[in-house]
Amino acid sequence: MGSLKEKVGGTIEIQVLEDVMVPMRDGIRLATDCYLPVGVHGRGLHRAPVILERTPYDKSGISRSEVSLARPEAATRPDIARRLAQHGYAVVMQDCRGRNNSEGVFRKYLDDAHDGYDTMAWLVRQPWSNGSIGTMGFSYGAHTQCAVATQTPPGLACMYIDSGGFSNAYHGGIRRDGAFEMKQVTWAMKHALKSAERSGDLERVQTLSAQDLHDWFRRLPWARGRSPLSASPEFEEYLFEQWQHGVFSDYWKQPGLYNEGFYDRFPDVPTAIVGSWLDPYVLSCLTNYGALSARRRSTVTLLMGPWTHGNRSATHAGDVDFGPQATLDGNIAVDYLQMRLDWFGRWLKGETPVVEERRVRFFVMGGGDGTRNEDGRLNHGGRWIQSNHWPCANVSEQVLRLDWLDGRGHLSEIAQTEGTHKEYQYDPRDPVPTIGGALTSGEPIMHGGIFDQRVTPDIFTVQQDPSSARLADRPDVLVFEGDTLTADLAIVGAVEVDLFVSSDCPDTDFTVKLVDLHPPTPDYPEGYALNITDGILRMRYRDGWDREVMMRPDVVYPITVRMLATANLFKAGHRLRIDISSSNFPQFDINPNTGDRIDPLNGRTIQLYGEPVIAETINGLRFEI
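These numbers were taken from a predicted model, which means no experiment stands behind them.

Peer 1: I'd like to hear about the pattern of salt bridges, residue by residue, with values.
Peer 2: Pairing of side chains with opposite charge becomes possible as their charged atoms draw close. In the structure shown here, the tally under the stated rule is 35 salt bridges. In this structure, Arg470 engages Asp473 in a salt bridge whose closest nitrogen and oxygen atoms are separated by 2.9 Å. Assessed through its relative accessible area of 33%, Arg470 is described here as partly exposed. When the shortest N-O distance is used, the salt bridge between Arg577 and Asp579 registers 2.8 Å. Each of the salt bridges in this network shares a partner with another, and the network as a whole consists of Asp19, Asp33 and Lys59.

Rendered as structure tokens:
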């Protein structure tokens with residue numbers, strides 16, 4: 001353990017205790033850095049409120065989300081800790097189990113509930129702590145906060161949860177309604193390599209660096225010992241464990257993965273929830289807000305921006321720009337750091353007056369002129385809305401119908417035909433490629449955000465020479481377009497699609513995507529198809545997430561495919577579009593349609609590239625806004 005004293009800003013002296021090894025209940029010790037305000041003008045160490053962040057990303061490293069318009073270069077966690085400590089907080093940064101300087105084996109998400117509790121129990125006993133703890137953290141740091149909250153920990157006074165905290169990881173973040181989110185693979189590869197580099201294991205570094213992920217993603221399925229992660233068994237093990245639990249079982253009901261089972265155990269403390277529409281944790285943010293605000297007397301706030309994961313100071317997401325009003329900086333707060341200082345000042349020190357304000361703020365995308373800006377992005381526009389409720393009280397449900405007429409798919413309020421249906425052929429050897437969406441950590445295979453729905457050279461495809469550039473032109477994508485809007489239409493909230501489907505295979509997936517069709521302009525002569533939100537349903541789970549029921553040929557099944565909630569203004573002159581298919585890869589794993597176990601098992605090879613299969617859809621659509 002190291003200790004040093006330093007002056008921050010010439011006013012408050014900070015004592016730093018480095019690598020304090022905090023014992024857990026099983027004897028494992030977690031490396032912890034403590035930034036302690038010694039006092040103003042040397043008045044000495046005093047008891048202070050504590051701010052805690054637990055992270056697997058190196059407590060001494062750079063935090064990519066710690067940026068602002070004024071400070072575009074990402075700050076380190078020590079830098080942020082010192083800035084907070086300067087305001088009189090004891091700031092504690094801790095490496096999660098098995099990561100960086102902490103002992104133990106890293107099991108992603110599964111040890112943070114008990115480890116967080118034991119850490120907080122240790123904190124309230126320290127002579128420099130006043131026993132009041134605020135938690136903060138982005139992404140995995142949000143997961144760790146919700147995990148410990150399920151244990152009703154001592155000292156918890158408030159939480160600042162940013163872009164994470166699984167409401168139910170089976171339905172968003174690890175899996176999505178039965179399908180596996182392949183970002184877990186790309187995340188594991190990145191951090192397995194970092195772990196090997198940090199430990200100085202040159203052989204493992206070389207082996208992992210030599211893996212061609214593009215090639216691996218074209219050679220599914222994998223097995224333990226035969227995957228891009230085989231050189232890093234601990235990462236491979238937890239990844240395959242997540243992948244093979246396809247049924248919603250007790251595995252998914254563990255603290256850290258399943259807030260829905262523990263909301264009654266969350267302490268009644270002020271909680272800030274921050275998220276964004278182009279992020280995989282949309283469902284978690286909205287579900288957590290709804291559950292906690294309904295159960296608690298304490299203040300619960302919700303902020304949903306138009307950003308990809310943690311990019312609060314950016315005006316764009318993918319190839320679409322929302323304008324200068326889209327940033328957190330200057331629109332919601334001075335910057336992200338000041339926003340947290342205001343929060344902790346209010347709830348840990350009573351410095352900021354509690355004023356009556358709208359507790360829900362969200363950004364409605366859309367409304368721009370559709371021109372190409374100087375950065376080469378489409379100007380989609382948007383604006384902030386404030387409310388006391390989510391979902392908003394002044395919205396109404398709108399139901400649209402899917403119809404097939406004159407060789408085209410139509411969206412309309414009134415059915416134009418009766419008993420129509422459309423068939424398509426889904427080939428697992430050539431899945432529909434992912435082009436943007438609410439995803440993160442997918443590099444170098446996929447990228448989150450909004451893009452024109454066409455294949456460009458930087459889009460990953462299984463077939464290296466795709467049959468069509470525009471997804472709408474693929475024979476395995478059914479496209480339903482509405483009439484040109486004569487007035488603006490805002491879709492704010494949940495979006496669901498009701499389908500009647502059948503297949504000649506025992507299992508398949510159905511994917512849906514909501515698209516905003518910008519009309520042709522001089523900058524975009526063919527128009528621009530913006531992906532707004534999407535969803536997927538694996539058919540074997542249609543009768544319940546806790547069971548697998550295969551399909552029978554010639555039987556028509558009613559299903560509902562849920563897309564992530566969104567907020568988008570479809571401007572007059574635009575059209576709504578719904579795309580339906582059976583794949584969205586590599587965002588979600590490929591369904592081979594065989595009815596066999598999709599999830600990888602020890603040493604078992606599953607035949608993926610068999611004969612093409614048939615799936616058909618019949619009309620039905622519901623928007624909930």
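Still more to cover.
Peer 1: Which residues make up the packing of helix 4 (residues 183–199) against helix 5 (residues 202–209), and what values do they have?
Peer 2: Where helix 4 contacts helix 5, the axes come no closer than 8 Å and their chain directions differ by 155 degrees. One way to sum up the angle between helix 4 and helix 5 is to call them roughly antiparallel. Relative to helix 5, the crossing made by helix 4 is left-handed. For the pair helix 4 and helix 5, the contacting residues are Met189, Ala192, Leu193, Ala196 and Glu197 in the first and Arg204, Val205, Leu208 and Ser209 in the second. When the residues that make up the contact of helix 4 with helix 5 are grouped by side-chain class, the tally is 6 nonpolar, 1 polar and 2 charged.

Peer 1: So what about the packing of aromatic side chains? Which residues, and what values?
Peer 2: Under the criterion given, the structure shown has 36 aromatic pairs. Between Phe322 and Phe363, the ring centres sit 6.0 Å apart and the planes meet at 70 degrees, which makes this aromatic pair edge-to-face. Residue Phe322 is found in the loop between strand 13 (320–321) and helix 9 (336–348), and its partner Phe363 is found in strand 14 (residues 360–365); the two are separated by 41 residues along the sequence. There is no split in this pair, since Phe322 and Phe363 are both buried. Taken together, the ring pairs connect Tyr57, Phe106, Tyr109, Tyr140, Phe166, Trp187, Phe235, Tyr238 and Tyr281 into an aromatic cluster. Directly above the aromatic system of Phe106 lies the positively charged group of Arg99, at a separation of 5.3 Å from the ring centroid. A cation sits over an aromatic face here: Arg312 above Phe138, 5.4 Å from the ring centre.

Rules and cut-offs
Residues numbered from 1 in each chain as written. Predicted model: local features only at pLDDT ≥ 70, side-chain atom pairs only at ≥ 80, totals over all residues. Heavy atoms only, no water. Salt bridge = Lys/Arg side-chain N within 4 Å of Asp/Glu carboxyl O. Buried < 20%, exposed > 50% of the residue type's maximum accessible area, 1.4 Å probe, protein only. Axes fitted to C-alpha atoms, helices over the stretch in contact; angles between N-to-C directions. Helix = DSSP H or I, 4+ residues; strand = E, 2+ residues; numbered from the N terminus. Parallel < 35°, antiparallel > 145°, perpendicular 65-115°, else oblique. Left-handed = near helix turned anticlockwise from the far one by under 90°. Contact = heavy atoms within 4.5 Å. Nonpolar A, V, L, I, M, F, W, Y, C, P; charged D, E, K, R; others polar. Phe/Tyr/Trp six-rings, centres within 6.5 Å; stacked < 30°, edge-to-face > 60°. Lys NZ or Arg CZ within 6 Å of the ring centre and 35° of its normal.

Distances and angles like these do not, on their own, reveal function.
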